[in-house]
Amino acid sequence: MKNIKNMTVKELAEKANLKIISGEQGLNAEIKGGYTCDLLSDVMGHAEEGYVWITLQTHKNVMAIASLKELAAIILVKGLKPEADTLEHSNKENIPILSTDLEEFEISGIVYNLIK
């Protein structure tokens, strides 16, 4: 993504009405783009450092990918809640997990319009 507005995870959470679930220590991370996908191998191959990842996956492997790719945050859709070990990893790695009741398509459009 090019021409990204300077925005932190905290600012995105406020503007997109996202609930902060965990990883509060990482809220000042700067967002460099976004990626929407539920296939972990695709995210691993294509998401870039500083991206916000929009997904419905809630298990601990999500945090393994987010940590490996140095993502800025994860946004869970449909009001889904992360599993306990996912929360633990989020707080340990300082990678925020945010939540919305919206579908992936809707929140992807909102995030795109806010950061582009």
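A brief report on the enclosed structure follows.

Residues L12, L18, I75 and I107 are the most contacted members of the largest nonpolar core, which totals 18 residues. Breaking this core down by element, the ones donating at least two residues are helix 1 (9-15), strand 3 (51-55), strand 4 (73-76) and helix 5 (104-115). Once you skip the residues sitting within four places of it in the chain, L18 turns out to touch L12, A13, I75, L98, S99, T100 and I107. By size, the runner-up hydrophobic cluster in this structure holds 15 residues, among which are W53, V62, M63 and L71.

Moving on: the packing of helix 3 (residues 60-69) against helix 4 (residues 84-93). Running from amino to carboxyl end, helix 3 crosses helix 4 at an angle of 20°, the nearest separation of the two axes being 7 Å. Relative to helix 4, the element helix 3 lies roughly parallel. Handedness of the crossing formed by helix 3 with helix 4: right-handed. Residues K60, M63, A64 and S67 of helix 3 form the contact with helix 4, whose participating residues are D85, T86, H89, S90 and E93. Its residues assigned to classes, the contact of helix 3 with helix 4 comprises two nonpolar, four polar and three charged.

Strand order in the open sheet formed by five strands is 1-5-4-3-2, and the pairing between neighbours is mixed. Each end of this open sheet is capped by a strand with a single partner; those strands are strand 1 (19-22) and strand 2 (33-36). Pairwise comparison of adjacent strand axes, ignoring direction, gives a mean angle of 25° for this sheet. Direction of pairing for strand 4 relative to strand 5 (residues 97-99): parallel, over a ladder of three bridges. Directly across from L76, in strand 5, lies its bridge partner S99. Across the sheet, helix 4 lies against strand 1 and strand 5, angled at about 95° from strand 1, the strand it touches most.

What follows concerns the environment of E93. Along the chain, E93 turns up in helix 4. The exposure class assigned to E93 is partly exposed, which follows from its relative accessible area of 32%. Sequence-wise, E93 and E11 are 82 residues apart; in three dimensions their C-alpha atoms are separated by 20 Å. Setting aside chain neighbours within four positions, we find E93 in contact with M63 and S67. Among the polar contacts made by the side chain of E93, one reaches the side chain of S67 at a distance of 3.1 Å.

All right, on to the side chain of E104 then. Mapped onto the secondary structure, E104 falls in helix 5. Apart from residues no more than four positions distant in its own chain, E104 is found in contact with T36, D38, I54, T55, L56 and V77.

What follows is about the pairing of strand 4. Of the two faces of strand 4, both are covered, the one formed by A73 and I75 as well as the one formed by I74 and L76. As paired elements, strand 3 and strand 4 share four bridges and run parallel to each other. Paired with W53 across the strands is I74, a residue of strand 4. In the classification by handedness, the crossover that spans strand 3, the intervening helix 3 and the parallel strand 4 is right-handed. Taking the sense of rotation as the criterion, the β-α-β connection linking strand 4, helix 4 and strand 5 turns out right-handed.

Cut-offs used in this document
Residues numbered from 1 in each chain as written. Predicted model: local features only at pLDDT ≥ 70, side-chain atom pairs only at ≥ 80, totals over all residues. Heavy atoms only, no water. Core = buried A, V, L, I, M, F, W, Y, C linked by side-chain atoms within 4.5 Å. Buried < 20%, exposed > 50% of the residue type's maximum accessible area, 1.4 Å probe, protein only. Helix = DSSP H or I, 4+ residues; strand = E, 2+ residues; numbered from the N terminus. Contact = heavy atoms within 4.5 Å. Axes fitted to C-alpha atoms, helices over the stretch in contact; angles between N-to-C directions. Parallel < 35°, antiparallel > 145°, perpendicular 65-115°, else oblique. Left-handed = near helix turned anticlockwise from the far one by under 90°. Nonpolar A, V, L, I, M, F, W, Y, C, P; charged D, E, K, R; others polar. Pairing = 2+ DSSP bridges. Polar contact = N/O pair within 3.5 Å; in protein donor to acceptor, adjacent residues only side chain to side chain. Right-handed = clockwise from strand over helix to strand, strands pointing away.

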